[in-house]
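# Descriptive analysis of the structure
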Amino acid sequence: MNEQTKRLSPSIQHLTLGAILTALVVVLQLLGSFIHLGMFSISLVLIPIVVGAATCGPWIGAWLGFVFGVTVLVSGDAAAFWAINVPGTILIVLLKGTLCGLGAGLVYRWLARWNRYAAAFAAAIVCPVVNTGVFLVGCGLFFFETVAGWAAAAGFGENAVKYMFLGLAGGNFLFELGFNIVLSPIIVRLLELSKKIR
């Protein structure tokens, strides 16, 4: 193997893994659309997003998050918001996905200088926090009146903010966070071990 091939190898590996994870994001999002906690489906795709962000870098993480967003829009998971505000729906869904992958990758890269386990753990937390956080901010900016109506119908009275946290995001967020914290660091560690064996 010449010097130029050696230099290209990590990039080729990252692109290959990124392509595999892209397909996995699409499949998991489509499968996850059948699993609901409350009004919305569970985001199983956060695990491959964290794994891609940690092993291939923040830009692959951002790409995987963007693909997650596109799949959500195409699959009809955002249908409740489409009828209210199409541009707002597109912006929120694409932004939350892209930023959760980018954020996980940046946090992993920064912390990995000291401890890769802590970095994987932190990235696994950042991803669902950013995903849900951007969603909640977007609901407040673009859909507050509609959410207030949903809150009243769900028995939250006029407390739309409480409904956003407990009704819209609560159960899904806790499931995604727990699932991510348990599995993502394990998968990242296994991928790193497989690199050492080769």
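Notes on the structure follow.

Conventions adopted
Residues numbered from 1 in each chain as written. Predicted model: local features only at pLDDT ≥ 70, side-chain atom pairs only at ≥ 80, totals over all residues. Heavy atoms only, no water. Helix = DSSP H or I, 4+ residues; strand = E, 2+ residues; numbered from the N terminus. Contact = heavy atoms within 4.5 Å. Areas by Shrake-Rupley, 256 points an atom, 1.4 Å probe, with all protein chains shown as cover. Core = buried A, V, L, I, M, F, W, Y, C linked by side-chain atoms within 4.5 Å. Buried < 20%, exposed > 50% of the residue type's maximum accessible area, 1.4 Å probe, protein only. Phe/Tyr/Trp six-rings, centres within 6.5 Å; stacked < 30°, edge-to-face > 60°.

## A look at the overall build of the protein chain
- Looking only at helices and strands, one finds eight helices and two strands in the protein chain.
- If you list the helices and strands of the protein chain from N to C, you get α-β-β-α-α-α-α-α-α-α.
- Contacts spanning at least 24 positions in sequence make up 70% of the contacts within the protein chain whose residues lie at least 6 apart.
- With an accessible surface of roughly 10200 Å², the protein chain has 72% of that area assigned to carbon and sulfur atoms.

## Looking at the nonpolar core
- Among the nonpolar cores identified, the biggest contains 28 residues, and Val25, Ile49, Phe68, Tyr108 and Cys127 are the most heavily contacted of them.
- Those elements giving two or more residues to this core turn out to be helix 1 (3-32), helix 2 (46-56), helix 3 (58-75), helix 5 (86-112) and helix 6 (116-142).
- Element by element, the count of residues in this core is highest for helix 2, at eight residues.
- Counting 12 residues, the second largest nonpolar core, distinct from the first, contains Phe81, Phe135, Ala151 and Tyr163.

## Some words on the side chain of asparagine 180
- Relative to the assigned elements, asparagine 180 resides in helix 8 (residues 160-197).
- Beyond its immediate chain neighbours, meaning those up to four positions away, asparagine 180 contacts Leu46, Ile47, Val50, Ala124, Cys127, Pro128 and Pro185.

## Describing the packing of aromatic side chains
- Following the criterion strictly, the structure yields five aromatic pairs and no others.
- Ring geometry for tryptophan 110 against tryptophan 114: centres 5.2 Å apart, planes inclined by 75°, an arrangement best described as edge-to-face.
- A residue is classified by how much of its surface remains accessible, and tryptophan 110, at 49% relative accessible area, is partly exposed.
- Centroid distance phenylalanine 142 to phenylalanine 143: 6.3 Å. Interplanar angle 55°. Geometry classified as tilted.
- Phenylalanine 143 sits in the buried class, given a relative accessible area of 2%.
- Cluster of aromatic residues (ring-pair linked, three or more members): Phe81, Phe135, Phe142 and Phe143.

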